[in-house]
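Remarks on the overall topology
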Amino acid sequence: MVRPDNVDHLSKVEALDMELFEQAMCDAGMHAGEIVERGPAGALGLPELLERLGSQVS
């Protein structure tokens, strides 16, 4: 599903999903902790990961 032609968009959508999740957890009186700390970094790192994987396939 993640391809070079959509990775930038999907990365931003995933980061937004994490922000919305964090807000929902806060609204429910819960702390998302490590999930919220690690999630955005992973989402925003998708373009670099896809590039690195692509260079290994060549």
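Attention now goes to the packing of helix H1 (residues 7–27) against helix H2 (residues 34–44). Taken N-terminus to C-terminus, the directions of H1 and H2 make an angle of 165°; their axes are 8 Å apart at the nearest point. Overall, the two elements H1 and H2 adopt an arrangement that is roughly antiparallel. In the packing of H1 onto H2, the handedness of the crossing is left-handed. Between H1 and H2, the residues in contact are Ser-11, Glu-14, Ala-15, Met-18, Phe-21 and Glu-22 and Ile-35, Val-36, Gly-39, Pro-40, Ala-43 and Leu-44, respectively. Within the contact of H1 with H2, the residues separate by chemical class into 8 nonpolar, 2 polar and 2 charged.

Moving on, we get to H1. Here H1 spans 30 Å end to end across 21 residues, near enough to the 30 Å set by a 1.5 Å rise per residue. Of all the residues in H1, the buried ones are Val-7, Leu-10, Ser-11, Ala-15, Met-18 and Met-25. Along H1, the residues classed as buried sweep out an arc of 140° about the axis, all on the same side. For H1, exposure combined with an orientation more than 90 degrees from the buried face picks out His-9, Lys-12, Glu-19, Leu-20 and Asp-27. One or two steps after H1, the chain reaches Gly-29, where phi turns positive at roughly 75°.

Moving on, we get to the environment of Pro-4. Position of Pro-4 relative to the elements: it lies in the segment before H1. Judged by relative accessible area, which is 72%, Pro-4 ranks as exposed. It is 10 Å that separates the C-alpha atoms of Pro-4 and Leu-46, two residues lying 42 residues apart in sequence.

The next thing to look at is the side chain of Ser-11. Structurally, Ser-11 is set in helix H1. On the basis of relative accessibility, which here comes to 3%, the residue Ser-11 falls in the buried class.

Within the span of H2, buried status applies to Val-36, Gly-39 and Ala-43. The arc that holds the buried residues of H2, viewed along the axis, is 65°, so those residues lie on one side. Exposed side of H2, more than 90 degrees from the buried face: Glu-34, Glu-37, Arg-38 and Ala-41 are the residues found there.

Parameters and conventions
Residues numbered from 1 in each chain as written. Predicted model: local features only at pLDDT ≥ 70, side-chain atom pairs only at ≥ 80, totals over all residues. Heavy atoms only, no water. Axes fitted to C-alpha atoms, helices over the stretch in contact; angles between N-to-C directions. Helix = DSSP H or I, 4+ residues; strand = E, 2+ residues; numbered from the N terminus. Parallel < 35°, antiparallel > 145°, perpendicular 65-115°, else oblique. Left-handed = near helix turned anticlockwise from the far one by under 90°. Contact = heavy atoms within 4.5 Å. Nonpolar A, V, L, I, M, F, W, Y, C, P; charged D, E, K, R; others polar. Expected span 1.5 Å × (residues − 1). Buried < 20%, exposed > 50% of the residue type's maximum accessible area, 1.4 Å probe, protein only. Arc of directions from axis to C-beta.

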